[in-house]
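Single-letter residue listing:
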Amino acid sequence: MNVLLDLQKKLLPDLVTVLGQRYRILRFIRLMQPIGRRTLASNLELSERILRSEVTFLKEQGLVDFASSGMTLTDEGNNLLGQLEDVMKEVFDTRAMEEDLQKKLGIPEVHIVPGNSDEYSWVQQEMGRACVSLIKRKMISKENILAVTGGTSIAAVAEMLVPDSDLKEALFVPARGGLGEQVENQANTICATMARKAMGSYRLLHVPDQLSKEAYESLINEDSVQQILKLIKSATIVIHGIGEAQTMAERRNSSDEVLRNLKDTKAVAEAFGYYFNESGDIVHKVLTIGLQLEDLKNIPHVISVAGGASKAQSIQAYMKQCPSEVLVTDEGAAKEILK
């Protein structure tokens, strides 16, 4: 396979370019279907004339259907796209990049999706789709407990879930309290969305993300909180994002004193309420109810989802302190980290 691809790249470079373009078109239709031609052309940054020619070809091959509501993939198109994904990793040298990133970050498994989520929102959905595939592979039994954090990356994972017989027996729980930001990005909301889409069940943790010492000591002893905490710490899979320190602190409406401290200590990353500097040292911690870093050691599978070139420094810093078993990221972040 590798020899053939190398020969094609040298002797038929146009073939590889066309293959890549048609792969991108099929992938985007799958994400956004039904989608109109104009919207598709705009998102892929192709002229409508070129796109019209390409989708007409794909329709003739039985891979795409046209309707008044927009274009959709046929069953054959879906099957072909699934088969193409591994091939395209070789075509674009993504497999080699994944191996390089594993070595650099010191983690067993890395999955890179094409694109840069800083530039294209659909790349985040592709990361979500890749994470869903991983979740199904990592499930220990049908009675799994999946703990999820908040944030846009994990919300994208929730959006990509579909009803699945393996997930029907799963229990979804939030890894921590609410973020105090948009409702759709809070851990409780994402947890409920995942359970609904997967046709599983869920439990919620009704506590704020940040707590005073007095509030923490009061809530932590509540029976209802203790029950959900026991479930959270028994999770078989944790899915979490990695944030930029200043961005996350501002989302939490942190005090000026905390913001100054994060700036002075050169914090670059945040996860589970912990803030890390470039060396991976913890420079600040939010008092919160939910999973703590030490709890991750007892959880069989921990999946980090973070992408975009702007997240490269944050990903590196977090992995120095708390390497997850798996990282799902995009080309934008991967290339920046490997520079």
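Note that the structure is predicted; figures quoted are calculated from it, not measured. Numbers given for residues are sequential positions, taken from 1 along each chain in its written order. In keeping with the model being predicted, local features are shown solely for residues with a pLDDT of at least 70 and side-chain atom pairs are shown and tallied solely at 80 or more, while totals for entire chains, interfaces and linings include all residues. Working from all heavy atoms in the structure, the side-chain values ignore hydrogens and water.

K.L.:
Give me the domain arrangement of the protein chain: which residues, what numbers.
P.N.:
Marked domain ranges trace back to an automatic or database domain assignment. According to the domain assignment, the protein chain consists of domain 1 (1-89) and domain 2 (93-338). Relative to domain 2, the C-alpha centre of domain 1 lies at a distance of 32 Å. Throughout, a contact is declared for two residues whenever any of their heavy atoms are within 4.5 Å. Contacts between the two partners involve 11 residues from domain 1, matched on the other side by 13 residues from domain 2. Simply put, the buried area is the total loss of 1.4 Å probe accessible area from both parts when two parts are fitted together. Around 1,200 Å² of area is buried between domain 1 and domain 2 when both sides are counted, 45% of it from carbon and sulfur atoms. When a carboxyl oxygen of Asp or Glu is within 4 Å of a side-chain nitrogen of Lys or Arg, the pair counts as a salt bridge. Linking domain 1 to domain 2 there are 2 salt bridges. The term polar contact refers here to a pair of N or O atoms within 3.5 Å; inside protein, the definition further demands a hydrogen-donor-capable atom paired with an acceptor-capable atom, and it admits residues adjacent in sequence only when both atoms are side-chain atoms. Remark: the boundary between domain 1 and domain 2 carries 2 residue pairs in polar contact (both at pLDDT 80 or more). Of all the secondary structure elements, the ones that give two or more residues to the side of domain 1 that touches domain 2 are α2 (13-32) and α5 (75-91). In DSSP terms, a helix is any run of H or I states spanning at least four residues, a strand is any run of E spanning at least two, and both are numbered starting from the N terminus. Residue contributions to the side of domain 1 that touches domain 2 peak at 5 residues, all from α2. Three classes are used: nonpolar for Ala, Val, Leu, Ile, Met, Phe, Trp, Tyr, Cys and Pro, charged for Asp, Glu, Lys and Arg, and polar for all others, with Gly counted as polar. Grouping the amino acids of the side of domain 1 that touches domain 2 by side-chain chemistry returns 4 nonpolar, 1 polar and 6 charged.

K.L.:
Account for the pairing of strand β3 (residues 109-113), with residues named and values stated.
P.N.:
Partly exposed describes any residue whose relative accessible area lies between the buried limit of under 20% and the exposed limit of over 50%, with all areas from a 1.4 Å probe on protein chains only and scaled to the type maximum. By the criterion of burial, β3 is predominantly enclosed, with 5 of the 5 residues buried. Along β3, one buried face is formed by Glu 109, His 111 and Val 113 and the opposite face, lined by Val 110 and Ile 112, is buried too. The rule for pairing is simple: two strands pair if DSSP sees at least two bridges between them. Pairing of β3 with strand β13 (residues 326-330), which is carried by 5 bridges, proceeds in the parallel orientation. Considered in β13, the bridge of His 111 is made with Val 328.

K.L.:
I'd like a rundown of the sheet that holds strand β12 (residues 301-305), residues and numbers included.
P.N.:
Taken in spatial order, the 7 strands of this open sheet run β3-β13-β12-β7-β4-β5-β6, and their pairing is parallel. Strands with a single pairing partner mark the edges of an open sheet, and in this sheet they are β3 and β6 (201-202). Direction of pairing for strand β5 (residues 171-174) relative to β6: parallel, over a ladder of 2 bridges. The partner of Leu 171 across the bridge, within β6, is Ser 201. Its contacts with the sheet put helix α6 (residues 94-105) on β3 and β13, and the angle it makes with β3 is roughly 135°. Axes, fitted as lines to C-alpha atoms, cover a helix only where it is in contact. Angles between the N-to-C directions of the axes lie from 0 to 180 degrees. The strands that helix α14 (residues 312-321) touches are β7 (237-241), β12 and β13; relative to β13, the one it contacts most, it runs at about 175°.

K.L.:
An account of the UniProt feature "domain: CggR N-terminal DNA binding" (unreviewed entry) in the protein chain is needed here, citing residue identities and associated values.
P.N.:
Under the UniProt annotation, the feature "domain: CggR N-terminal DNA binding" (unreviewed entry) is placed at residues 18-88. As annotated, residues 18-88 has a helix share of 70% and a strand share of 11%, and its two end C-alpha atoms lie 12 Å apart. UniProt positions are given in the numbering used here, feature names are shortened, and annotations may be inferred rather than shown by experiment.

K.L.:
Run through the packing of aromatic side chains, naming residues and quoting values.
P.N.:
Put simply, two rings from Phe, Tyr or Trp (the six-membered ring, in Trp's case) pair if the centres are within 6.5 Å, and we call them stacked under 30 degrees between planes, edge-to-face over 60, tilted for the rest. Applying the stated criterion across every chain yields a total of 3 aromatic pairs. Between the aromatic rings of Phe 276 and Tyr 318, the centroid separation amounts to 5.7 Å while the plane-to-plane angle is 75°, which identifies the pairing as edge-to-face. In this pair, Phe 276 sits in strand β10 (residues 274-277) while Tyr 318 sits in helix α14, placing the two residues 42 residues apart along the sequence. Site record: aromatic cluster; members linked through ring pairs are Phe 28, Tyr 120 and Trp 122. Its end group placed over the ring of Phe 57, Arg 22 keeps NZ or CZ at 4.0 Å from the ring centre. Over the aromatic face of Phe 66 sits the side chain of Lys 59, whose NZ or CZ is 5.7 Å from the ring centroid. Distance and angle both matter: a charge sits over a ring if NZ of Lys or CZ of Arg is within 6 Å of the ring centre and within 35 degrees of the ring normal.

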